[in-house]
Amino acid sequence: MATTEGPESPRTRRNSNKNILTRIRHGQSTGRAISRAAEISEALLQERDQQAQWHGIPVLLQRLYDSSHLNRFHALSPFLSMEAMSFVTEDRRTVQKSTYPNTYTFDLFGGVELLVEILMRPTLTTQTNVPKMSDDLVKDCLSVLYNCCICMEGVTKSLASRDDFVMFLFTLMSNKKTFLQTATLIEDILGVRKEMIQLEDIPNLPSLVQSFNQQQLANFCRILSVTISEPEMGNDDKHTLLAKNAQQRANPCPSHSEVNQVALLNIPGFIERLCKLATRKVSEASGPSSLLLELQDWYTWLDNALVLDALMQMATEDTCTLPHTYSSLATSPLRHRLPQSMKIVHEIMYKVEVLYVLCVLLIGRQRNQVHKMLAEFKLIPGLNNLFDKLIWRKQTSSHVLHGQNQNCDCSPEISFKIQFLRLLQSFSDHHENKYLLLNAQELNELSAISLKASIPEVEAFVNTDRNLICDGKKGLLTRLLSVMKKEPAESSFRFWQARAVESFLRGATSYADQVFLLKRGLLEHILFSIIDSGCKSRDVLQSYFDLLGELMKFNIDAFKRFNKYVNTEEKFQTFMTQINSSLVDSNMLVRCIILSLDRFESQIENVSVVEVLSECSLLSYMARVENRHAFLFRLVNIINVQILTQENVSCLNTSLVVLMLARRRDKLAFCLKALREKEYAEKYPGCLLNNLHTLLRFWQRHYLNKDKDSTCLENSSCISFTYWKETVSVLLDSDPTSLCAIASYIDEAYMDLGRDFLQV
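**Observations concerning the overall build of the protein**
- Each helix and strand in the protein was counted, giving 39 helices and zero strands.
- Each of the 760 residues in the protein was classed as buried or not, and the buried ones make up 53%.
- Carbon and sulfur atoms make up 50% of the accessible area of the protein, which amounts to about 35,100 Å² in all.

Given below as structure tokens:
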């Protein structure tokens, strides 16, 4: 029986809408049937549009597939720009299709694929008469793609998987009018790529980079930071030295990031231009402190470079020239306050990226080449002149760094300072160029210290080119000390400041360097911070322990000063409590005390040394053999091969220092016997010595193939690396009759020396 046709019911219309979406999703996932709006009749799309609330997006997309309708493209932008702006300015919620319906609809009906096709059309055809796209159209396409990436992570991942499109985007950077939008889209895409791009694959990379003006180069550094840094390894297990060593054996060739670093260094003038950017003075404005406080009120808007530069445009241009995405910002109550603020934050934000790139290059395989160039282009004197422009403010309780988290150092000012300090640390660490951090007067002071002590000047000091050092009344190191002593106890800056100063002392111990810092009250400041300031931050305390160790090592004057400050039993016990509360953090200081004690005990003909040995509470404490054994027991007990990382491997080396010094005095057998007795007293026989044996086997594998690490061990301990190797071999001797072999002290029932620790 025939049915009478009538009006379509609402339920039927909903099912039709659902059928369209289902068919498109199925087509996109299988590559069959319908996968884009162009494959559906315009009449059907218009019929379903109002009820589905598609806002005409599918119809617009269908018309855009015909290049003759590209002039209609501007009609799409408003639908997507406000959703992207809401994501930037509001709390970051879990992105769902219901949260950003227009962006979801645009992507579902093939909008993203269409824009990629439109952008790449000129490169995909052999025809010579293809009309050139206008810069405005290219900018609109890039902005819409970026909006989609902001709102939908899947879009970003999809674009990132297309190598041809990623490389094509770099070619668009040569056009100054589209540079900003291109750079920001590339930055977003590279951030989610599984594989790092190879800079060498970018067409005409050297000429491209050389074509950038300074502002563009600073922006480009945001992209470079992704390409020259080793990717995060993920879970903690992959950060272990076992895992890293296994990865290096499996992939002995240079990593992608290392190859990219070489590619950058081969670009003529690249490092020189970065040095100029890094040392360019921050734009000055009246009341800089209040301006930077003001910036923190609206910093959440500046989470990406595109918004930042759009705000910069808004501060200098008429609002009507802005992209649709940012026009709503013009109504902000902060509109009238932005121009002066933007000049400061714009410079700061990009200096962070420039300093980061320089820092990564400084710690890479081409370190010596980079060091030579940074010295030649006078990076350090330039940073010294810039130092006074950084505002080291005292953080009050009302100062919120980021949202509700008081410890989240994410503001432009704070990021800039931390990156600045990290660069200083990388520059000074184990390198003779560290003396460039001083000015002429301070270098003369070092000479006078050496002369007074009747010791020769170190070779690195003698070879310092005084044309490349700091100028002005203070060098960079001295300026750093001044602000360091003024920082609040819990300030996150103290960690980085201490690391930067410590790096100046690391390497072969220099008495003159130590005295230079002692004369400026550094030791007293450190002891106050550890004992009297109430500082609870483990990171800050660890950095201060490490710095104190380098400052006091082998220096009798430092131990005198220590004893003068720690002049009561209460202070001494507080100090020891801090050391014992986390031996992973303090073990480098423990190592320094043990090494210094050994040195001083060999200098008993010196009256001053004998006096300090008898009076210094710290040396007296460490002179008691039972205390050294207690430290050794704890150090071996808190680590094992499976959890060794770059952070705690120092505990293994400190343990080995104790054993080497015992061997030097023919006390190694006594030391091993004490460990065995401790095992039985704690009722787990064999556990400690088996662990020590496994750790030393790992030590052989790890250090005998690493020249840099072995040099650091030798320089920091003043014990030849040959003696390190010999001691480990003696301890691992399989001869059961050897009194210095670990195996001799483990009962057969508890012996477990054959495990393959290399299996990760």
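From this point on, the discussion continues.
**A look at the side chain of Ser450**
- Topologically, Ser450 is positioned in helix H22 (residues 440-452).
- The exposure class assigned to Ser450 is buried, which follows from its relative accessible area of 4%.

**As for helix H9 (residues 163-172)**
- For H9, the tally of buried residues reaches seven of 10 residues, placing the bulk of the element in the interior.
- Among all positions in H9, only Phe165, Val166, Met167, Phe168, Leu169, Phe170 and Leu172 are buried.

**Some remarks on unusual backbone geometry**
- Despite not being glycine, Ser454 shows a phi value in the positive range, around 55 degrees.
- With respect to the helices and strands, the residue Ser454 is situated in the loop between H22 and helix H23 (459-462).
- Judged by its relative accessible area of 66%, Ser454 falls in the exposed class.
- Phi at Asp666 takes a positive value of approximately 60 degrees, unusual for a residue other than glycine.
- Residue placement: Asp666 occurs in the loop between helix H35 (649-664) and helix H36 (668-681).

**Notes on the packing of aromatic side chains**
- Applying the stated criterion across every chain, the model contains 14 aromatic pairs.
- On the numbers, 5.1 Å between centres and 70 degrees between planes, the contact of Phe562 with Phe575 is edge-to-face. Of this pair, Phe562 sits in helix H29 (residues 556-565) while Phe575 sits in helix H30 (residues 569-581), and the two are 13 residues apart along the sequence. Assigned by exposure class, Phe562 and Phe575 land together as buried.
- Its guanidinium or amino end placed over the ring of Phe516, Arg520 lies 3.7 Å from that ring's centre, counting from NZ or CZ.
- Across from the ring centre of Tyr565, 4.2 Å away, lies the NZ or CZ of Lys571, which sits over that ring.

Analysis parameters
- For every chain, the first residue of the written sequence is number 1, and numbering continues from 1 onward in sequence order.
- Note on the predicted model: pLDDT of at least 70 is required for a residue's local features to be given, and 80 or more for side-chain atom pairs to be given and counted; whole-chain, interface and lining totals, by contrast, use all residues.
- Side-chain measures were taken over the full set of non-hydrogen atoms in the model, leaving aside hydrogen atoms and water.
- Every helix listed is a DSSP run of H or I at least four residues long, and every strand listed is a run of E at least two residues long, numbered separately from the N terminus.
- The buried label applies to any residue whose accessible area, calculated with a 1.4 Å probe on protein chains only, is under 20% of its type's maximum; exposed applies above 50%, and partly exposed to all values in between.
- With residues, only the protein chains shown are counted as cover, and all accessible areas are computed by Shrake-Rupley using a 1.4 Å probe.
- Ring geometry is summarised as follows: Phe, Tyr and Trp rings, the Trp one being its six-membered ring, pair when their centres sit within 6.5 Å, and such pairs are stacked at plane angles under 30 degrees, edge-to-face over 60 and tilted between the two.
- Counting as a charge over the ring demands two things of the Lys NZ or Arg CZ atom: a distance within 6 Å of the ring centre and an angle within 35 degrees of the ring normal.

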